[in-house]
Amino acid sequence: AVLKKRLVKLVVNFLFYFRTDEAEPIGALLLEHCRITKEEENVFSISFIEEPERKYCFECASEEQCQEWVEALKRASYEFLRRSLIFYRNEIQKMTGKDPLEQYGISEEARFQLGTPRQ
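Residues numbered from 1 in each chain as written. Predicted model: local features only at pLDDT ≥ 70, side-chain atom pairs only at ≥ 80, totals over all residues. Heavy atoms only, no water.

An unreviewed UniProt entry lists the chain under the name Pleckstrin homology domain-containing family J member 1, from Pitta sordida.

So, in structure tokens, the structure goes:
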């Protein structure tokens, strides 16, 4: 294992990484179909389902910072965001009787529906 000091920036579901002396990222990890694991007190890892043998380890300044990163990364995937959208859409619809996405013209799209599509 080679250890390298990198700065990272989370943007939606991409984790960009930078050399400490450069402004442009040298790479990015798409946080889909991955597993975020807390390895040690202040270390977490990212591994991908398609490549379980390849693991990216990150060391944080503290255990609290490590926990914050783990939680943020777990919330960064498309699937998590999709499930959250469905949940909150249904909650708003229960409270108001209206589909909050209707104004955007996507109220009948099956990809956001839970269970069987409406007929």
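Q: Please explain the overall build of the chain as it appears in this structure.
A: Of the regular secondary structure elements, the chain holds two helices and six strands. Its helices and strands in sequence order give the chain the pattern β-β-β-β-β-β-α-α, from N to C terminus. A total of 119 residues make up the chain; the buried ones form 24% of that total. The long-range fraction of contacts in the chain, counting pairs at least 24 apart against all pairs at least 6 apart in sequence, stands at 29%. (Helix = DSSP H or I, 4+ residues; strand = E, 2+ residues; numbered from the N terminus. Buried < 20%, exposed > 50% of the residue type's maximum accessible area, 1.4 Å probe, protein only. Contact = heavy atoms within 4.5 Å.)

Q: When you look at helix α1 (residues 63-74) in this model, what are you seeing that I'm missing?
A: The terminal C-alpha atoms of α1, which comprises twelve residues, lie 17 Å apart, in line with the 16 Å expected from a rise of 1.5 Å per residue. For α1, every residue scored as buried is listed here: Cys 66, Val 70 and Leu 73. For α1, the angular spread of buried residues about the axis comes to 75°, placing them on one side. Exposed side chains of α1 directed beyond 90 degrees from the buried face belong to Glu 64 and Glu 68. Where α1 is buried, its residues contact β1 (6-11), β2 (14-19), β4 (34-40) and β5 (43-48). (Expected span 1.5 Å × (residues − 1). Arc of directions from axis to C-beta.)

Q: I keep staring at the pairing of strand β6 (residues 51-59) and nothing clicks. Help me out?
A: Direction of pairing for β5 relative to β6: antiparallel, over a ladder of six bridges. For Ser 47, the partnering residue across the bridge sits in β6 and is Lys 55. Taking the residues that link successive antiparallel strands as the turn, the β5-β6 hairpin has two residues. (Pairing = 2+ DSSP bridges.)

Q: Would you mind showing me how to read helix α2 (residues 78-96) here?
A: Over its 19 residues, α2 extends 26 Å from the first C-alpha to the last, a length consistent with the 27 Å expected when each residue adds 1.5 Å. One or two positions beyond α2, positive phi appears at Gly 97, with a value near 80°.

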